[in-house]
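The chain contents come next:
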Amino acid sequence: MGRACATSAVVLLLCLSAVIAEDPYLFFTWKVTYGTISPMGFPQQGILINGQFPGPMINCTSNNNIIVNVFNELDEPLLLTWSGIQQRKNSWVDGTIGTMCPIMPGTNFTYKMQVKDQIGTYFYFPTTGLQRAAGGYGPINVHSRDLIPVPFDSPADEFNVFISDWYNKGHKTLKKILDSGHTIARPDGVVINGKHGKVGDKIDPLFTMEAGKTYRYRVCNVGMRTSVNFRFKGHTMTLVEMEGSHTIQNVYDSLDLHVGQCLSVLVTADKEPKDYYLVVSSRFFKQEFSTVAIISYANGNGITASPELPPSPPENTEGIAWSINQFRSFRWNLTASAARPNPQGSYHYGQINITRTIKLVNSKSYVDGKLRYALNGVSHINTDTPLKLAEYFGISEKVFKYDIMGDTPPENGEKVTLAPNVVNATFRNFVEIVFENHEKTIQTYHLDGHSFFAVAIEAGRWSPEKRKNYNLVDAVSRHSIQVYPNSWAAVMTTLDNAGMWNLRSDMWERAYLGQQLYFSVLSPERSLRDEHNLPDKQQLCGLVKGMSMPPPYSGF
Ligand SMILES: *[C@@H]1O[C@H](CO)[C@@H](O)[C@H](O)[C@H]1NC(C)=O
Ligand SMILES: *[C@@H]1O[C@H](CO)[C@@H](O)[C@H](O)[C@H]1NC(C)=O
Ligand SMILES: *[C@@H]1O[C@H](CO)[C@@H](O)[C@H](O)[C@H]1NC(C)=O
Ligand SMILES: *[C@@H]1O[C@H](CO)[C@@H](O)[C@H](O)[C@H]1NC(C)=O
Ligand SMILES: *[C@@H]1O[C@H](CO)[C@@H](O)[C@H](O)[C@H]1NC(C)=O
């Protein structure tokens, strides 16, 4: 804004009115440190933010400006990403390794972002190394602006529920295991808001409800790899929001939630006043593991929770069918008003012609004896110079090649190439992305910078005729999707946000070992209409450190 506001009186006037109408600012100062936590009941090293695990909440409203000054007091580099926050025109602060230089130990960096045209439930987490396994994550709740009606009555209160599988080995040990070419294998347990609980243990209530009132539970799966199912003893849940979209308000006994996904449910305290278990159990894992938390009633008189838990949903083939059915019941409420990003793609997305189809097949293999994961035969490796900065400074050819990966999997599916995986995407193209999973494990994917319409999930292989099965009317606009074993999933989106955007497996071992890529969405005009300038105090590293700055974007 600053640079564009200098030239003429007319422009000055326009800028002045822009400033007057400016959206509110929220300021945060975060100290990121190691500290002792006991998620599984015994002390170990965790990553805290301002002493907290999970980290502090960003509670904001659509269009707020969020300023977070992050002090890295760890002994290793740090970057935080804001999963689901679209960073319109601003991939500079997306917090992935391909967009930013890490915050070095003992230094600080200020993220300046705006939650433009978004509402909903999101979270932040560290993208550096395996730090996500040690904490460093926390909630981002984005409320509707006052004048925008919300399609349900204001709840008595809101509760953030953070579900995560947990490894007892510290994040540095986990990183060493992956770096040496092995798998971190199965987690040791699962925790709710950083705590593991067993039926019968004396557990402090996680939340307390007042009889007769309705509460909004904002639930996220921030784990490393495990899909979960969650359910309240004796209470149903009304689904109202999923990753930024108001949904049709169906009622569920239990819900599957895959890694990287968030949703909101309403729960009414309309049962006998006493304690109840909230149960979380793993999905599609050979041996189920689970945890419980206590939800109490304010006038519950200390009556303890019944040890009889609500049943787990089916597993194996039947369980997959159950879960796919549940996915299909998730529908966007088309009449609910809300802030909507991606204006081009928002309405009638079913009538937009697809300009590009990208079919991605994931694979697991050993390259020189080391475990790697790949998409269409390319296993992504991070670069010392962030991809976005290399591109902006005009030295991309020294750092990566575009389009090493094809839009379809290679014929001889065996060979795996290790390279930065950057897809040259055309600004404003309406793309269809098909994820096909030939492996026996469930997958989950997340796209930065955009939301997409999750139009279909089916068993088997995808083919163009499957398009007739797409939900082209009211698919939920979201930023993550699961892909069941030997199944496929299709999403559609307009790549209308200029920047460098990570599409990754949300299962962190897989992302870390290569199952991810970046979409380079370049605005041909280098115009401020399409993309913000590189922020003033942006840290530079790798080959761009010390280079002279490219001319800033201009115009509108
Ligand atoms: C979060 O923000 C909303 C909307 O401004 C407000 O109603 C609510 O009280 C806030 N919650 C907390 C915990 O600060
Ligand atoms: C680091 O924090 C100080 C305030 O303590 C602030 O003035 C400065 O701008 C911050 N640096 C960066 C790069 O954000
Ligand atoms: C959709 O939103 C509208 C408008 O807020 C609301 O009246 C309606 O109940 C919602 N429909 C469903 C099925 O949830
Ligand atoms: C989509 O493609 C069809 C056939 O190629 C064409 O007739 C139609 O006008 C296109 N629609 C839009 C919205 O561009
Ligand atoms: C990316 O694709 C566009 C058109 O699709 C082309 O004009 C451009 O040269 C490509 N850029 C690179 C770096 O390959």
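Residues numbered from 1 in each chain as written. Chains lettered and ligands numbered in written order. Predicted model: local features only at pLDDT ≥ 70, side-chain atom pairs only at ≥ 80, totals over all residues. Heavy atoms only, no water.

> Honestly, the site of ligand 5 in this entry has me stumped. Any pointers?
All residues adjacent to ligand 5 are Tyr402, Asn424 and Thr426. The contact in question runs from an oxygen atom of ligand 5 to an N or O atom on the side chain of Asn424, over 2.3 Å. Contact distances for ligand 5 include 3.5 Å between an oxygen atom and a side-chain N or O atom of Thr426. In isolation ligand 5 has 360 Å² of accessible area, and contact with the protein removes 32% of it. (Near = heavy atom within 4 Å. Polar contact = N/O pair within 3.5 Å; in protein donor to acceptor, adjacent residues only side chain to side chain. Areas by Shrake-Rupley, 256 points an atom, 1.4 Å probe, with all protein chains shown as cover.)

> What should I look at first to understand the sheet that holds strand β25 (residues 422–426) in this one?
Across a sheet, strands are paired by hydrogen bonds formed along the backbone, either parallel or antiparallel in direction. Spatially, the five strands line up as an open sheet ordered β25-β33-β32-β27-β30, and their pairing is mixed. Strand pairing shows two members of the sheet lacking a second neighbour, β25 and β30 (480–483), which therefore form its edges. Taken pair by pair, the neighbouring strands of this sheet meet at an average axis angle of 20 degrees, ignoring direction. Across five bridges, β25 lies against strand β33 (residues 516–522) in parallel orientation. By the bridge assignment, Thr426 is partnered in β33 with Leu522. (Pairing = 2+ DSSP bridges. Helix = DSSP H or I, 4+ residues; strand = E, 2+ residues; numbered from the N terminus. Axes fitted to C-alpha atoms, helices over the stretch in contact; angles between N-to-C directions.)

> Explanation requested: the domain arrangement of the chain in the structure shown.
Interfaces are frequently sized by the accessible area removed from exposure as the parts join. The domain architecture assigned to the chain consists of domain 1 (22–143), domain 2 (158–326) and domain 3 (344–544). Taking only C-alpha atoms, the centre of domain 2 and the centre of domain 3 are 29 Å apart. Roughly 2,100 Å² of surface becomes buried between domain 2 and domain 3 when both sides are summed, with 58% attributable to carbon and sulfur atoms. The largest contributions to the domain 2 side of the interface with domain 3 come from Leu178, Glu243 and Ile324, which together make up 24% of the buried area. Where domain 2 packs against domain 3, one counts one salt bridge. Ionic pairing is found between Arg478 and Glu243, a salt bridge with its closest N-O pair at 2.9 Å. Linking domain 2 with domain 3 are 14 residue pairs in polar contact (both at pLDDT 80 or more), by the criterion used here. Elements supplying a minimum of two residues to the side of domain 2 that touches domain 3: α2 (171–179) and α3 (316–329). In terms of residue class, the side of domain 2 that touches domain 3 is built from nine nonpolar, 12 polar and four charged. (Domains from an automatic or database assignment. Buried area = accessible area lost by both parts, 1.4 Å probe. Salt bridge = Lys/Arg side-chain N within 4 Å of Asp/Glu carboxyl O. Nonpolar A, V, L, I, M, F, W, Y, C, P; charged D, E, K, R; others polar.)

> Just checking my understanding: could you explain the state of the cysteines for this structure?
Covalently bonding the sulfur atom of one cysteine to the sulfur atom of another cysteine gives a disulfide. Using the criterion set out here, one finds two disulfides in the structure. For Cys101, the disulfide goes to Cys541, at an S-S distance of 2.1 Å. Its torsion about the S-S bond being -85 degrees, the disulfide of Cys101 and Cys541 is classed as left-handed. Here Cys101 is found in the loop between β5 (80–83) and β6 (108–114), whereas its partner Cys541 is found in the segment after β33, with 440 residues between them in sequence. Cys541 carries the same exposure label as Cys101, and that label is buried. For Cys220, the disulfide goes to Cys262, at an S-S distance of 2.2 Å. Looking down the S-S bond of the Cys220 and Cys262 bridge, the torsion is 110 degrees, so its handedness is right-handed. Here the residue Cys220 occupies a position in strand β12 (residues 214–221), and Cys262 occupies one in strand β18 (residues 262–268), the gap between them amounting to 42 residues. Free cysteine: Cys60, not disulfide-bonded; nearest cysteine sulfur from Cys220 at 13 Å. (Disulfide = S-S within 2.5 Å. Buried < 20%, exposed > 50% of the residue type's maximum accessible area, 1.4 Å probe, protein only.)

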